[in-house]
Amino acid sequence: PASFEAARALYDSRKPAEAQDAFEKLAAAKPKNPDVNYYLGQLANRRNDPDKAVAYLAKAVAAAPTVGRYHHALGDAYGRAAQKASVFSQFGLAKKCVASYQRDVELEPANIDFRRSLFEYYRQAPGLVGGGMDKAAAEAAVIKKIDAFLGRIVFATLYLAEKKYDRALAEFEEVLQTSPDDYASLYQVGKIAAVSGQFLDRGLASLRRCLEL
C-alpha cells in the first residue's frame, strides 16, 4: 500500500477518492492504526456519512484514548449522526457528541477549536441533552481568557441570539475606543449591524472604513 505520508498528502490536497483508496489499503494492512482510522473517519465526515465516520473514529479513540483530535472528530460524527437520526435516536447521539467534545477539552484545555465546538454545542442544544446558554457563557469566558478577541466574538454570538444587540456591539466598541482602525473589530461591528438590523449607520461606516483600510 501507499505510504501514510502519501495518503495524507492526498487528503490535504482535497482528493477524497484517491485518499480514501490509499487509506483503505493502509487499513487493510493495519486495521487498528488510529491515525489511519482517524483520516478514514474524517473522509466519511466530509462526505456526510456519519455512520461510517463513527465506526472509524471509535476505533481511533479506542486505540489512542488520550488524543484530543480523535475525540473531537468523533464528536463531529455523532453530531452529524444526530441530525440525520430519528427522534428516538437523537437523544443518545447528542449525549455522545457533547461527551466527546468535553473529553477533548479535558485533554487539550487550551485548544480553541475544541472549546469553540463545545461552546456551539452548549449554545444550540437544549438542556435535555446537556446544552444551555449558561454553559455556553461559561465556555465563552474561558475562551476569552485564552484568546481575547475570539472571546469577544463568541460573547457577541450569545448576545445576538438573546437579542441583546447593545451588549454585542459593546464587545467591539471597547476595542475601537483605543484602536479606532482595528480592522477586525470594525468588521464585526458591520456584521452585527447586518445580522441584527440595528445600528445600520454605524455598521455601514465601519465596513466602509474596512474597505479603506
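Provided above is the structure to which this section pertains.
The following refers to the structure shown. (Residues numbered from 1 in each chain as written. Predicted model: local features only at pLDDT ≥ 70, side-chain atom pairs only at ≥ 80, totals over all residues. Heavy atoms only, no water.)

### Regarding the packing of helix H7 (residues 112-124) against helix H9 (residues 148-161)
Where H7 meets H9, the axes come as close as 12 Å, and the angle between the chain directions of the two elements is 10°. Considering the angle they form, H7 stands roughly parallel to H9. Here Ile112, Arg116, Phe119 and Arg123 of H7 lie close against H9, whose contacting residues are Leu150, Ile153, Val154, Thr157, Leu158 and Ala161. Looking at the contact of H7 with H9, its residues break down into 7 nonpolar, 1 polar and 2 charged. (Axes fitted to C-alpha atoms, helices over the stretch in contact; angles between N-to-C directions. Helix = DSSP H or I, 4+ residues; strand = E, 2+ residues; numbered from the N terminus. Parallel < 35°, antiparallel > 145°, perpendicular 65-115°, else oblique. Contact = heavy atoms within 4.5 Å. Nonpolar A, V, L, I, M, F, W, Y, C, P; charged D, E, K, R; others polar.)

### Some words on unusual backbone geometry
Positive phi is not limited to glycine here, since Asn48 has a value of about 60°. Counting through the fold element by element, Asn48 comes out in the loop between helix H3 (34-46) and helix H4 (50-63). Taking relative accessible area as the criterion, Asn48 reaches 36% and is therefore assigned partly exposed. For Phe199, which is not a glycine, the phi torsion comes out positive at approximately 55°. Counting through the fold element by element, Phe199 comes out in the loop between helix H11 (183-196) and helix H12 (200-212). Relative accessible area serves as the criterion here: at 28%, Phe199 is assigned to the partly exposed category. (Buried < 20%, exposed > 50% of the residue type's maximum accessible area, 1.4 Å probe, protein only.)

### What to know about helix H1 (residues 4-12)
Taken together, the buried positions of H1 are Phe4, Ala7 and Tyr11. For H1, the angular spread of buried residues about the axis comes to 65°, placing them on one side. More than 90 degrees from the buried face of H1, the exposed residues found are Glu5 and Asp12. Buried residues along H1 sit in contact with helix H2 (16-29) and H3. Just beyond H1, the residue with positive phi is Arg14, at close to 60°. (Arc of directions from axis to C-beta.)

### Observations regarding the environment of Leu204
Tracing the backbone shows Leu204 in helix H12. As a C-alpha pair, Leu204 and Val189 span 15 residues in sequence and 8.9 Å in three-dimensional space.

### Structural notes on the packing of H9 against H11
Contact pair H9 / H11: the axes reach a minimum separation of 12 Å and the direction vectors enclose 10°. Here H9 lies roughly parallel to H11, going by the angle between them. In this structure, H9 uses Phe149, Ile153, Ala156 and Leu160 to contact H11, whose residues at the interface are Ala184, Ser185, Gln188, Ile192, Val195 and Ser196.

### Notes on the side chain of Ser117
Along the polypeptide, Ser117 turns up in helix H7. Judged by relative accessible area, Ser117 falls into the buried class, the value being 18%. When neighbours within four sequence positions are excluded, Ser117 is seen to be in contact with His72 and Tyr101.

### A short note on the pattern of salt bridges
Under the definition given, this model contains 12 salt bridges. Here Arg123 ties to Glu120 by a salt bridge, and the two come within 2.9 Å at their closest N and O atoms. Taken together, the residues Arg123 and Glu120, both in helix H7 and 3 residues apart, mark about one turn of the helix. According to the relative accessible area criterion, Arg123 is partly exposed, its value standing at 25%. Of the charged contacts in the structure, one is a salt bridge between Glu162 and Lys164, with a shortest N-O distance of 3.3 Å. (Salt bridge = Lys/Arg side-chain N within 4 Å of Asp/Glu carboxyl O.)

### Considerations on the environment of Tyr187
On the secondary structure map, Tyr187 appears in helix H11. A sequence separation of 23 residues divides Tyr187 from Cys210, and the C-alpha atoms of the two residues are 6.6 Å apart. Here Tyr187 is in contact with Leu207 and Cys210, once residues within four sequence places are set aside.

### Things to note about the packing of aromatic side chains
Using the criterion set out here, one finds 8 aromatic pairs in the structure. Judged by centre distance (5.1 Å) and plane angle (5°), the ring pair of Phe23 and Tyr39 falls under stacked. Remark: Tyr39 occurs in helix H3 and Phe23 occurs in helix H2; sequence separation between them is 16 residues. Each member of the pair Phe23 and Tyr39 is classed as buried. Of the aromatic side chains, those joined through ring pairs into one cluster are Phe4, Tyr11, Phe23, Tyr38, Tyr39 and Tyr70. Here the basic side chain of Arg46 rests over the ring of Tyr11, its NZ or CZ set 4.0 Å away from the ring centre. Sitting over the face of the ring of Tyr38, Arg69 holds its NZ or CZ atom 4.5 Å from the ring centroid. (Phe/Tyr/Trp six-rings, centres within 6.5 Å; stacked < 30°, edge-to-face > 60°. Lys NZ or Arg CZ within 6 Å of the ring centre and 35° of its normal.)

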